[in-house]
Amino acid sequence: MRYGDTKINIIDTPATAISEAEVERALKIVDGVMLLVDASEGPLPQTRYVLMKALEARLPPSSSSIRSTARMRAFRKY
């Protein structure tokens, strides 16, 4: 997606222990990270690992959460 003259690529890292190498490779090609946490589920087991690796790579983190009410509206059928 584009924001002005900036191209933004979104990489969704899997939340499984098997994908640790995949997370490390992804962090090598990005300029920053945004951590999204579902408020109804909270941080998953790999959240701490991904955040730790991002901080080790000196990537500026930004965090956000998705409220459970917003999530429920997204799945409501009309």
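These remarks concern the structure in this document. (Residues numbered from 1 in each chain as written. Predicted model: local features only at pLDDT ≥ 70, side-chain atom pairs only at ≥ 80, totals over all residues. Heavy atoms only, no water.)

All right, on to the nonpolar core then. Formed by V23, L27, V33, Y49, V50, A54 and L59, the largest nonpolar core amounts to seven residues. Contributions of two or more residues to this core are made by α1 (20–27) and α2 (45–56). Among the elements that make up this core, the one with the highest residue count is α2 (three residues). Discounting residues that sit within four places of it in the chain, Y49 has contacts with E20, V23 and E24. (Core = buried A, V, L, I, M, F, W, Y, C linked by side-chain atoms within 4.5 Å. Buried < 20%, exposed > 50% of the residue type's maximum accessible area, 1.4 Å probe, protein only. Helix = DSSP H or I, 4+ residues; strand = E, 2+ residues; numbered from the N terminus. Contact = heavy atoms within 4.5 Å.)

Let us look at the environment of S19. You can see S19 is positioned in the loop between β2 (6–7) and α1. Note on S19: relative accessible area 6%, which makes it buried. C-alpha separation for the pair S19 and Q46, spaced 27 residues apart in sequence, amounts to 9.5 Å.

Here the focus is a nonpolar patch on the surface. Taken together, the side chains of M1, Y3, I8 and I10 define a hydrophobic patch exposed on the protein surface, amounting to about 500 Å² of accessible area. With respect to the element layout, I10 can be found in the loop between β2 and α1. (Patch = residues over 30% accessible without salt bridge, like charges linked within 9 Å, V, L, I, M, F, W, Y side chains within 5 Å. Areas by Shrake-Rupley, 256 points an atom, 1.4 Å probe, with all protein chains shown as cover. Salt bridge = Lys/Arg side-chain N within 4 Å of Asp/Glu carboxyl O.)

Inspection of the secondary structure assignment puts K53 in helix α2. The class of K53 is buried, set by a relative accessible area of 18%. Apart from the residues lying within four places of it in its own chain, the contact partners of K53 are E24 and L27.

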